[in-house]
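Descriptive structure summary
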Amino acid sequence: MLVLKGIPASHGIAIGKAFLFGSEEPPATRRSITETEISTEVMRFEEALIQTRHQILDIQRRLADEMGQEHAEIFNAHLLVLEDQSLREEVLGGLKAQLVNVEAIFNDVIRRHLRAFSRTNDEYLRDRTADIEDVRKRILRNLTGRQRNVLEQIDEPVVVVAHALSPSETALMHKRHVLAFVTDVGGRTGHTAIMAKSLGIPAVVGVEVATKRIEKGGRLVVDGTRGEVVVDPDAETIRRYEVEQRRWQEISRQLLQLKDLPAETLDGRRVTLSANLEVPDEIPSVIAHGAEGIGLYRTEFFYMNRTDFPSEEEQFQAYKTVAERMAPQSVIVRTVDLGGDKFLSPLDLPTEMNPFMGWRAIRFCLARPDVFRVQLRAILRASAYGNLKLMFPMISGLEELRRANEILHGVKQELTREKQAYASDLEIGAMIEVPSAALTCDLLAGEVKFFSIGTNDLIQYALAVDRVNEKIAYLYEPSHPAVIRLLKQIIEAGHRAGLWVGMCGEMAGEPALALLLLGLGLDEFSVSPIQVPLIKKVVRSIEYRAAQAIAQHAMGFRTGKEVEAFLISHLRQLVPDLVEG
Ligand code: PEP
Ligand code: MG
């Protein structure tokens, strides 16, 4: 028995047989050609590109039908690779210069790009290597006539194990007997992880050695909550996980019964419990889990995998649909949080050394008011159809916030002149996710109606720990005294200025940490839809006074580990079911 550790990408436990997927490499054997054969090779290449394009369009159609347009659009990145003119030119140039067959030349060229991609610091671009790798194999298979349709052949429940799993491959698993998946590479924010969550299957990514250590047909336990994979578990381990699996199913069933009850402490303090939304497809799940609105609507999806910017009309329609479907509950739309180059063609290389600290989010928007204004117009117009709020990401100081508000004000005046309807009282908030903003909340408070704490970023900046680097993941501690001091300061400064303070980072969805946040006075928790009932249970199990005492006590510890152990011991007393095992 062997336990492999990875990154938890999608919650749940699965037990089943391993299905090793995609380890075979399509052959790209090298052979010399004569000058007269060049035109045949060019033709073969063009045909393979066309065939690949048809295959991808076909997957897109299937996905749009089965899962919605947003998921289908993930494949625009693949189509962009196929259309990349420089890739074509490099292949044609290579054919003439080297006089070898097109499989070999194409493979050399695309691998060069892949190597450059895998070295970049930009997490988004690194995640795109899976898309390019997928296109590489498809083209090679089409060139060599070797089709690999093993995923389509799955006819019994299996755990899919792969080096990398591209979105197109993940999509093929839809409605098949896939219990879970495990990959060597990948980050929490890759499209595959996002897909796994919406498919509702457990997934562990970034295991590094999964395909080396797991054998075909071997038995596995995948724990997507802890990010662990047990290889060849013994009977006792399987029994333990089966018990845990049943226990969780039963707990989830019970928690769902709280769906229509308020998130209120035993002594009557009510907090808002809302959900984070990536794509409008998830709204049924948001509603089914009893969330009170959307606390973070990430709008990056519109901007990714395309060479142009989304139009006002396209965005307006999407925001309007979400506003209408969630009304009268509120939806906080976050203006776009792109990193430098995230929206460019997949084969353009990033120019930034530190994209997380670079030309990102509000910095990009303020530098490109033309792009920013289009989004603001779309959000404002949609605000006439429901209860929208708006917030700006990555605010680092007062001037930035003022500048964003000025642009917003200008857009409102423009809409008024055009006699376009919008909610003139639209609430504006600032995300607090940069330490400089956290330390100057009192100064920012005058410009907004609420704060929403983005702990995913705040923790990485406060502790200098890259949030997607698995090597230093052990340092990424939400319970670190530095983090909880910052949180206390933000919440208190917000309250002193009469604002409500929410949190939309992943920390808000952790039951033990939720006790602390509740006690610190947090007003709103925005978590992934499946975590909503869990956090509601925690809030409904304690008196506010007791949570305040817990928070005060937690502030006195010297290390994050001590804080965590203390909070877990309280959670165990209050809701033992959530901690057992
Ligand atoms: C955060 O930083 O906590 C957050 C919610 O934003 P994102 O994860 O999109 O950066
Ligand atoms: Mg953030």
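Check the entry above for the structure.
**Remarks on the sheet that holds strand S16 (residues 524-527)**
Spatially, S9-S10-S11-S12-S13-S14-S15-S16 is the arrangement adopted by the eight strands of the closed barrel, whose pairing is parallel. Pairs of neighbouring strands in the sheet enclose a mean axial angle of 30 degrees, with direction left out of account. Sheet topology note: the strand S11 (residues 330-334)/strand S12 (residues 387-392) ladder contains five bridges and is parallel. When the bridges of S12 are listed, Val331 appears paired with Leu388. Of the strands in this sheet, strand S9 (272-277) and S16 are in contact with helix H22 (residues 532-540), which crosses S9 at around 160 degrees.

**Looking at the coordination of the magnesium ion (ligand 2)**
The coordination sphere of the magnesium ion (ligand 2) contains the protein donors Glu433 (OE) and Asp457 (OD), at a distance range of 2.0 to 2.1 Å. Taken as a pair, Glu433 in the loop between strand S13 (427-432) and helix H17 (435-439) and Asp457 in helix H19 (residues 455-463) lie far apart in primary sequence, 24 residues in all. For the pair shown, Glu433 and Asp457 are each scored as buried.

**Quick notes on the packing of aromatic side chains**
Under the criterion given, the structure shown has eight aromatic pairs. Each ring, one from Phe309 and one from Phe364, has its centre 6.4 Å from the other, and the planes form 35 degrees; the classification is tilted. Taken together, the residues span a long stretch of sequence, with Phe309 in the loop between strand S10 (294-297) and helix H13 (312-326) and Phe364 in helix H14 (residues 361-367) at a distance of 55 residues. Judged by its relative accessible area of 1%, Phe364 is buried. Measuring from ring centre to ring centre gives 5.0 Å for Trp359 and Phe364, while their planes differ by 80 degrees; the resulting arrangement is edge-to-face. Taken together through their ring pairs, the aromatic side chains of Phe309, Trp359 and Phe364 make up a single cluster. For Lys320, the ring lying beneath its charged end belongs to Tyr385, and the centroid distance is 4.9 Å. Above the ring of Phe316, the side-chain terminus of Arg381 is found at 4.0 Å from the ring centroid.

**Some words on the site of ligand 1**
For ligand 1, the set of nearby residues contains 14 residues, the closest of which are Arg298, Arg334, Gly454, Asn456 and Arg467. Gly454 is positioned such that a nitrogen or oxygen atom in its backbone is 3.4 Å from an oxygen atom of ligand 1. The separation between an oxygen atom of ligand 1 and a polar side-chain atom of Asp457 is 3.0 Å. Isolated, ligand 1 exposes 290 Å² of accessible area, and the fraction of that covered by the protein chains is 95%. Of all the elements, H19 adds the most residues to the shell around ligand 1, at three residues. The residue makeup of the shell around ligand 1, split by class, is three nonpolar, four polar and seven charged.

**So, the packing of helix H4 (residues 85-98) against helix H5 (residues 102-119)**
With their axes 9 Å apart at the nearest point, H4 and H5 run at an angle of 130 degrees to one another. As far as their axial angle goes, H5 and H4 are oblique. Two packed elements cross with a definite hand, and for H4 against H5 that hand is right-handed. For the pair formed by H4 and H5, the contact residues are Leu87, Glu90, Val91, Gly94, Leu95 and Gln98 on the first element and Val102, Ile105, Phe106, Val109, Ile110, Arg112 and His113 on the second. Considered class by class, the residues forming the contact of H4 with H5 number eight nonpolar, three polar and two charged.

**Considering the pairing of strand S15 (residues 500-503)**
Note: strand S14 (residues 450-453) against S15, four bridges, orientation parallel. Within S15, the position partnered with Ser452 by the bridge is Gly502. Where S15 lies against S16, two bridges are found, and the strand directions are parallel. Residue pairing in the sheet places Met503 in a bridge with Phe525 of S16. For the crossover that starts at S15, traverses helix H21 (residues 511-519) and ends in the parallel S16, the hand is right-handed.

About the criteria used
- Residues numbered from 1 in each chain as written.
- Chains lettered and ligands numbered in written order.
- Predicted model: local features only at pLDDT ≥ 70, side-chain atom pairs only at ≥ 80, totals over all residues.
- Heavy atoms only, no water.
- Pairing = 2+ DSSP bridges.
- Helix = DSSP H or I, 4+ residues; strand = E, 2+ residues; numbered from the N terminus.
- Axes fitted to C-alpha atoms, helices over the stretch in contact; angles between N-to-C directions.
- Contact = heavy atoms within 4.5 Å.
- Donors = N, O, S within 2.8 Å, 3.2 Å for Na, K, Ca; no water.
- Buried < 20%, exposed > 50% of the residue type's maximum accessible area, 1.4 Å probe, protein only.
- Phe/Tyr/Trp six-rings, centres within 6.5 Å; stacked < 30°, edge-to-face > 60°.
- Lys NZ or Arg CZ within 6 Å of the ring centre and 35° of its normal.
- Near = heavy atom within 4 Å.
- Polar contact = N/O pair within 3.5 Å; in protein donor to acceptor, adjacent residues only side chain to side chain.
- Areas by Shrake-Rupley, 256 points an atom, 1.4 Å probe, with all protein chains shown as cover.
- Nonpolar A, V, L, I, M, F, W, Y, C, P; charged D, E, K, R; others polar.
- Parallel < 35°, antiparallel > 145°, perpendicular 65-115°, else oblique.
- Left-handed = near helix turned anticlockwise from the far one by under 90°.
- Right-handed = clockwise from strand over helix to strand, strands pointing away.

Scope: geometric values only; no functional claims are made or implied.
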